[in-house]
Structure formats: structure tokens, C-alpha cells
Amino acid sequence: MDPIVVSEDDRDTAVRRLQEAYAEGHLSYEELDERLHQVLTANTHSELGPALASLPEEDADTTTTIAAVSGRIQRRGAWRVPRTLKVETALGRVCLDLSRAIIDHPVVDIELHLGTGSAEITVPRDALVDVEGLRAGWKAPLYKTRRRVRPGGPRIRISGAMGTGRLKIRHARR
């Protein structure tokens, strides 16, 4: 079996986890520097693993809020999706890719609060999507319900309010 090559998304996720662990006091500056070097030079997941060893697990049972006044909010790759994710931005773009994410819950609530800006959410192929709780100010969400969805996939409930942007939801191809 060939080793799994580290993607840029995986590398970005690992760097973010190390930075969060340092900010929370779990790593010294020297440990952070050494582990960042390991992450940035890793070619396979087996080389990436030791750099993330002994870090606290990401708590997927809590509500996580991602907020920015402006700019781009983005999550992609192998990130752990919390039970409730709140995304807030006054003017910016939101890109959430759940196609390779770790989803531990049968139901995930995504609460969007966007002023001016658009959002794009990619969900797993077998996900059921519910946008009934979303108030769109300017344009209705772009989403076509899949005709055939395999049972057992997560249910993604999207709620909140959007100002002048548009929400695009699509199912992953793979």
C-alpha cells in the first residue's frame, strides 16, 4: 500500500492545530518551532503524525465560532466539524468544504451571519441539507436537492441570516 501524500489542506490544518496549541499554552516556543518544521517538511501522513502527537484533541462536541470583520473565512481538508458551527462576517467570503472533513455527529448545525459577502458550502455526497432556517436578504440560496442520497449520511442544517450575498451549496463529487 502506498503511503498517503500530505495535501496542502492537511498541512494547513496541522499548522493551525499547532498554532492553537501554542496559543493555549500546550507547547513551548521551541516545541512549536520544531513541530512546524516537521509539518512543513512532511511528505506523507506517517511523517506528519509525530508533529501532532500529544496535542489535545479538538473538541467536536462544542459550538465553535469563526468570525472576521472582512476577508475570507475558509475551512477545507481534514478538519473536525463541531456539532454547531457559527460563522460571522460583516463583509467577506465564506468557503466551507466538508467533503473531506471529519463529521462525528449525525446532525451538524451551521449558523451563518453574513452582512455583505457570499458563502459556498460543499457537503459530503451522502449528506442531507436543510436550509429552511436561513433568511436570505438579497438572493435565495443556490441548492439542488440530490435525488438519490444513500442513507446514513450526515444531516447539515443551515440557519442564520445573509445580507446582500448568496449562499451556494453543492455536493462533493467523490
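In short, a report on the structure. (Residues numbered from 1 in each chain as written. Predicted model: local features only at pLDDT ≥ 70, side-chain atom pairs only at ≥ 80, totals over all residues. Heavy atoms only, no water.)

1. Considerations on the overall build of the protein
Okay, so step 1: Looking only at helices and strands, one finds 3 helices and 9 strands in the protein.
Okay, so step 2: Ordering the α and β elements of the protein from the N terminus gives α-α-α-β-β-β-β-β-β-β-β-β.
Okay, so step 3: Expected size for 174 residues packed as a compact globule is a radius of gyration near 16 Å; at 17 Å, the protein falls within 12% of this value.
Okay, so step 4: Across its three principal directions, the C-alpha atoms of the protein cover 50 × 40 × 25 Å.
Okay, so step 5: Buried positions account for 38% of the 174 residues belonging to the protein.
Okay, so step 6: Looking at the protein alone, contacts between residues at least 24 apart form 66% of all its contacts between residues at least 6 apart.
Okay, so step 7: Counting only carbon and sulfur atoms, one obtains 49% of the accessible surface of the protein, whose full area is about 10300 Å².
Okay, so step 8: A gap of 13 Å separates the mean positions of the 27 positive and 25 negative side-chain charges of the protein. (Helix = DSSP H or I, 4+ residues; strand = E, 2+ residues; numbered from the N terminus. Rg over C-alpha atoms; globule rule 2.2 N^0.38 Å. Buried < 20%, exposed > 50% of the residue type's maximum accessible area, 1.4 Å probe, protein only. Contact = heavy atoms within 4.5 Å. Areas by Shrake-Rupley, 256 points an atom, 1.4 Å probe, with all protein chains shown as cover. Lys, Arg positive; Asp, Glu negative; His and termini not counted. Charge placed at Lys NZ, Arg CZ, Asp CG, Glu CD.)

2. Overview of a negative patch on the surface
Okay, so step 1: Together, Glu30, Glu31, Asp33 and Glu34 make up a negatively charged patch on the protein surface.
Okay, so step 2: Its relative accessible area of 57% is what places glutamate 30 among the exposed residues. (Patch = residues over 30% accessible without salt bridge, like charges linked within 9 Å, V, L, I, M, F, W, Y side chains within 5 Å. Salt bridge = Lys/Arg side-chain N within 4 Å of Asp/Glu carboxyl O.)

3. Focus: helix 1 (residues 8-23)
Okay, so step 1: Across its 16 residues, helix 1 extends 22 Å between first and last C-alpha, which sits within 8% of the 22 Å expected from 1.5 Å per residue.
Okay, so step 2: Within the sequence span of helix 1, burial applies to Asp9, Asp10, Arg11, Thr13, Ala14, Val15, Arg16, Arg17, Leu18 and Ala21. (Expected span 1.5 Å × (residues − 1).)

4. A look at the side chain of threonine 89
Okay, so step 1: For threonine 89, the position within the fold is in strand 3 (residues 84-97).
Okay, so step 2: Taking the relative accessible area as the measure of exposure, threonine 89 reaches 5% and is therefore buried.
Okay, so step 3: A distance of 3.0 Å separates the side chain of threonine 89 from the backbone oxygen of alanine 68, its partner in a polar contact. (Polar contact = N/O pair within 3.5 Å; in protein donor to acceptor, adjacent residues only side chain to side chain.)

5. Overview of the nonpolar core
Okay, so step 1: Among the nonpolar cores identified, the biggest contains 26 residues, and Leu98, Ile110, Leu112, Ile121, Ile158 and Leu167 are the most heavily contacted of them.
Okay, so step 2: At the level of elements, strand 1 (63-75), strand 3, strand 5 (107-116), strand 6 (119-123), strand 7 (128-136), strand 8 (155-162) and strand 9 (167-171) are the ones that each hand at least two residues to this core.
Okay, so step 3: Ignoring anything within four residues of it in the chain, the contact list for leucine 112 reads Val87, Ala119, Ile121, Ile158, Ser159, Gly160, Ala161, Met162 and Leu167.
Okay, so step 4: Within the second largest apolar cluster, 14 residues are counted, among which are Val6, Leu18, Ala21 and Leu36. (Core = buried A, V, L, I, M, F, W, Y, C linked by side-chain atoms within 4.5 Å.)

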